[in-house]
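Here's the letter readout for the chains.
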Amino acid sequence: MLLCYDVLMQWLCTLAISDGFVADEVFEEIKSTYCYSEITKDEWQQILHNLTSGGNALQQYDEYKKVEIIDGVYRITKRRIAMRHRLHIGTIVSEPMMKVQMLHGGFIGVIEEWFISRLTPGEVFSLAGRKLEYVSSKDMTAYVRKSNAKKSIVPSWQGGRMPLSANLGKKLRETLNAVSRQSSIVNRQPGTDDSHLTSHETPIELATLKPLFELQQQLSHLPKANELLIEQIETEEGHHLFVYPFEGRLVHEAMAAILAYRISRITPITFSFAMNDYGFELLSDQPIPIDDSNVYELFSPENLFEDIQRSVNSTEMAKRKFRDIATIGGLIFQGMPGERKKARHLQASASLLFNVFNEYEPHNLLLRQSYNEVFAQQMEETRLRDMLNRIQQSKIILTFPERYTPFCFPIKVDSMREDLSSEKLEDRVKKMQLSLEK
Amino acid sequence: MNALVAYTINENDFVLSPERLMYWEKQKTLIIADLHIGKTGHFRKSGIPVPQNVFKEDLQRLFTQILFFKAEKLIIAGDLSHSKSNKEMDLFKKWRNDLESLEIILVNGNHDILEEKWYEEMRIETKDCLDIGDFSFCHDPEDASIKDPAHYTFCGHLHPGISIRGRGRQFLQFPCFYFGNNIGILPAFSRFTGCVNVDAQKGENVFAIVDNGIMQVQ
């Protein structure tokens with residue numbers, strides 16, 4: 001990763017709470033590192049300006065205070081600000097945590113706030129080897145009691161999801177290719193005994209998954225390395241389009257956004273999309289206009305650069321990046337550790353800050369960084385272009401399964417979703433209201 | 001969708017505006033809640049550089065709306081200021097002096113912790129609860145006492161929002177005006193605020209602020 005302004009700002013503040021730093025000396029030092037070798041004088045000035053006067057201010061109505069220049073040395077002198085900074089040093093951003101405590105005292109552990117917020121009192125979950133019934137929450141503490149319930153919800157943590165690399169994706173396609181060829185041999189010679197094939201040549205993983213592969217083949221299709229499978233399924237939820245390029249989640253997120261953007265230019269339509277390492281899903285309330293006649297065109301590498309730009313601007317990918325960047329860059333105060341109540345007067349959610357900066361300070365460096373990171377990491381043009389070229393060479397197979405297939409199910413149930421729309425907000429609200437009344 | 005929507009309670013006509021406020025025609029009064037002045041200043045004073053223009057624009061919007069409706073009175077249903085005093089209050093002071101003839105009444109909210117002297121200087125009348133005819137104003141809906149079924153109370157505090165779900169897992173959230181049987185909750189006026197979903201029951205009315213217009217969604 002290059003030019004991480006958030007980390008740089010945090011590090012400068014760390015210097016400023018100790019003996020302080022001299023701008024010119026530090027500039028030479030950071031410029032000698034790989035990550036910041038491309039930093040311009042202008043960006044450096046903006047960063048210093050941000051630390052000392054907090055970006056654009058309404059001159060006489062402002063009391064911004066963080067880093068001060070004392071005799072040419074940048075320092076943080078205010079005790080409270082220094083303390084807050086020390087407690088927020090680090091670049092791995094975790095979810096807000098809640099304490100889990102027994103109704104009558106005993107402290108059990110901590111758990112992510114979003115998990116607790118989805119529970120209703122009376123539900124049972126497991127933590128620290130115990131089954132616990134959720135009772136209530138107050139002041140960042142969840143109160144629980146012991147439970148003898150047989151079933152319990154297993155907590156999950158948001159943690160990082162490591163995406164597949166390009167090489168691993170290729171390996172995965174090769175493996176599937178082998179499976180697919182094997183099954184087509186079997187299919188061509190019905191009645192032949194293939195047990196020796198399974199036991200000697202197939203790795204245990206593939207042998208175990210065999211029933212799923214068979215079901216996939218029966219309901220839809222098992223793609224070979226030179227094929228791209230697209231499934232269209234209509235359910236009560238809406239019209240689903242599943243695409244399986246096996247390129248890893250980050251690339252799929254980008255591809256989903258670009259495909260959604262391209263389709264949304266054909267007709268006013270709203271998509272919600274989800275993805276995993278194998279493929280992605282576009283879901284809409286109306287039929288998705290994709291068929292044999294336009295499918296190669298929708299996956300064309302032409303105008304890729306422009307479409308990348310436009311699709312990033314119309315989705316929330318940058319907003320998700322901003323959450324971490326804002327925390328590392330010191331915009332989000334997570335509260336003091338162990339504090340019983342959150343210091344509410346200093347809290348604003350990352351998404352609110354993102355909207356405020358987008359509207360009132362669009363050139364802010366941390367905001368720019370979140371867009372840059374989307375372009376650099378997810379919208380990697382060369383990798384996307386390679387993938388689209390590969391798709392152009394391969395055979396696109398469109399199937400219309402009657403029900404969910406083994407491939408699509410894990411994507412369908414993923415709750416992390418984004419959306420993209422070319423419909424007017426007002427029309428969307430009207431449509432949703434109509435569907436509610438039905 | 002309309003830019004302004006008329007709504008009648010107890011035979012009084014109110015105009016709902018997408019600028020997150022309400023005009024009471026009979027009383028020539030603008031009603032707002034949760035202005036949170038000094039919020040950006042409070043963040044900045046603590047070393048968090050949020051843009052101040054969001055605050056400046058809040059004041060400009062309010063100014064424009066007061067002129068537009070030719071309002072004589074402004075009722076703030078709590079949370080005029082965000083925290084302790086800071087220099088942004090001086091901008092508010094200037095703003096106040098430009099609107100000399102405007103009568104301002106503040107119903108105290110949990111954030112209104114400034115010294116009494118300041119309110120006096122700003123010529124703001126403060127009250128814990130305000131009654132005008134069939135109507136009352138208080139900050140937190142939990143403090144609203146329902147005296148008789150005909151009485152109606154306006155509140156703030158919640159920063160109400162409404163989320164709408166549609167087919168294909170679609171989901172949208174908007175700030176809203178919420179009108180229950182005896183209690184109405186105003187959207188937070190400041191744009192530097194988030195919103196919390198209200199749980200609207202059958203028979204209650206909810207108006208969402210969608211872009212620059214108002215849509216009744218329930």
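Just above sits the structure.
Residues numbered from 1 in each chain as written. Chains lettered and ligands numbered in written order. Predicted model: local features only at pLDDT ≥ 70, side-chain atom pairs only at ≥ 80, totals over all residues. Heavy atoms only, no water.

**Student:** Whenever I open this one, the sheet that holds strand E7 (residues 124-127) of chain B confuses me. Can you help?
**Tutor:** All names here are of chain B. Taken together, the 7 strands give an open sheet; going across it, the order is E1-E2-E3-E4-E5-E6-E7, and neighbouring strands pair in mixed fashion. At either end of the open sheet lies a strand with only one pairing partner, and these are strand E1 (5-9) and E7. For this sheet, the mean angle separating the axes of adjacent strands, direction not counted, is 25 degrees. Inspection of the sheet shows strand E4 (residues 29-32) paired to strand E5 (residues 73-76) by 4 bridges, in the parallel sense. Across the sheet, the residue bridging to Ile32 is Ile76, located in E5. (Pairing = 2+ DSSP bridges. Helix = DSSP H or I, 4+ residues; strand = E, 2+ residues; numbered from the N terminus. Axes fitted to C-alpha atoms, helices over the stretch in contact; angles between N-to-C directions.)

**Student:** Can you walk me through the packing of helix H12 (residues 317-328) of chain A against helix H13 (residues 350-360) of chain A in this structure?
**Tutor:** The relative placement of two packed helices is expressed as an angle between their axes plus a distance between the axes. Residue and element names in this part refer to chain A. In contact at an axis separation of 9 Å, H12 and H13 are set at 115 degrees when each is read in the N-to-C sense. The handedness of the crossing between H12 and H13 is right-handed. Contacts from Ala318, Lys319, Phe322 and Arg323 in H12 reach Ala350, Ser351, Leu353, Phe354, Asn355 and Phe357 in H13. Across the contact of H12 with H13, the residue classes tally to 6 nonpolar, 2 polar and 2 charged. (Left-handed = near helix turned anticlockwise from the far one by under 90°. Contact = heavy atoms within 4.5 Å. Nonpolar A, V, L, I, M, F, W, Y, C, P; charged D, E, K, R; others polar.)

**Student:** Explain the interface of chain B and chain A to me, please; I cannot follow it from the model alone.
**Tutor:** When the parts of a complex come together, some accessible area is lost, and that lost area is often used as the size of the interface. On the chain A side, the residues contacting the 45 residues of chain B number 54 residues. For the pair chain B and chain A, the summed buried area comes to about 4400 Å², and 58% of that belongs to carbon and sulfur atoms. Area buried by chain B at its contact with chain A is led by B:Arg167, B:Arg169 and B:Gln170, which between them contribute 18% of it. The tally of links from chain B across to chain A stands at 3 salt bridges. As a salt-bridge pair, A:Asp62 and B:Arg44 come within 2.8 Å of each other at their nearest N and O atoms. Joining chain B to chain A, the criterion identifies 20 residue pairs in polar contact (both at pLDDT 80 or more). A per-element tally of the side of chain B that touches chain A places helix H2 (residues 53-69) of chain B first, with 5 residues. The class makeup of the residues in the side of chain B that touches chain A is 17 nonpolar, 15 polar and 13 charged. (Buried area = accessible area lost by both parts, 1.4 Å probe. Salt bridge = Lys/Arg side-chain N within 4 Å of Asp/Glu carboxyl O. Polar contact = N/O pair within 3.5 Å; in protein donor to acceptor, adjacent residues only side chain to side chain.)

**Student:** Whenever I open this one, a nonpolar patch on the surface confuses me. Can you help?
**Tutor:** A cluster of nonpolar side chains, A:Met97, A:Phe107, A:Val110 and A:Trp157, forms an exposed patch at the surface whose accessible area comes to about 400 Å². Here A:Phe107 is to be found in strand E4 (residues 107-112). (Patch = residues over 30% accessible without salt bridge, like charges linked within 9 Å, V, L, I, M, F, W, Y side chains within 5 Å. Areas by Shrake-Rupley, 256 points an atom, 1.4 Å probe, with all protein chains shown as cover.)

**Student:** Which parts of the structure should I look at to understand the environment of B:Gly213?
**Tutor:** All names here are of chain B. Relative to the helices and strands, Gly213 resides in strand E16 (residues 213-216). Residue Gly213 is classed as buried on the basis of its relative accessible area, which comes to 2%. As a C-alpha pair, Gly213 and Glu19 span 194 residues in sequence and 8.8 Å in three-dimensional space. (Buried < 20%, exposed > 50% of the residue type's maximum accessible area, 1.4 Å probe, protein only.)

**Student:** What am I meant to see in a positive patch on the surface here?
**Tutor:** A surface patch of positive charge is lined by A:Lys78, A:Arg79, A:Arg80, A:Arg86 and B:Lys84. If you trace the backbone, A:Arg80 turns up in helix H4 (residues 79-87). (Lys, Arg positive; Asp, Glu negative; His and termini not counted. Charge placed at Lys NZ, Arg CZ, Asp CG, Glu CD.)

**Student:** Hey, could you run me through helix H11 (residues 304-313) of chain A in this one?
**Tutor:** All names here are of chain A. Every buried residue belonging to H11 is among Leu304, Asp307, Ile308, Ser311 and Val312, and all of these are buried. Buried residues along H11 cover an arc of 125 degrees about the axis, so they all sit on one side. Where H11 is buried, its residues touch helix H9 (249-266), helix H14 (365-378), helix H15 (381-393) and strand E13 (418-421). (Arc of directions from axis to C-beta.)

**Student:** How do you make sense of the nonpolar core when you look at a structure like this?
**Tutor:** Nonpolar side chains tend toward joint burial in soluble globular proteins. Membership of the largest hydrophobic core comes to 89 residues, with the highest contact counts inside it found for A:Leu282, A:Phe299 and A:Met379. Discounting residues that sit within four places of it in the chain, A:Leu282 has contacts with A:His239, A:His240, A:Leu241, A:Ala256, A:Leu259, A:Ala260, A:Ile263, A:Phe271, A:Ser272, A:Phe273 and A:Ile288. Core analysis: the second largest hydrophobic core is formed by 45 residues, B:Phe137, B:Ile162, B:Ile185 and B:Ile214 among them. (Core = buried A, V, L, I, M, F, W, Y, C linked by side-chain atoms within 4.5 Å.)

**Student:** Any chance you could explain H4(A) here in plain terms?
**Tutor:** Note on helix geometry: an α-helix contains 3.6 residues per turn, so any two residues three or four positions apart are oriented the same way. Residues of H4(A) that are buried: A:Ile81, A:Ala82, A:Arg84 and A:His85. Seen from one end, H4(A) has its buried residues packed into an arc of 165 degrees, which puts them on one side. Exposed residues pointing more than 90 degrees away from the buried face of H4(A) are listed as A:Arg79 and A:Arg80. Buried residues in H4(A) make contact with helix H1 (5-17) of chain A together with helix H1 (39-45) of chain B.

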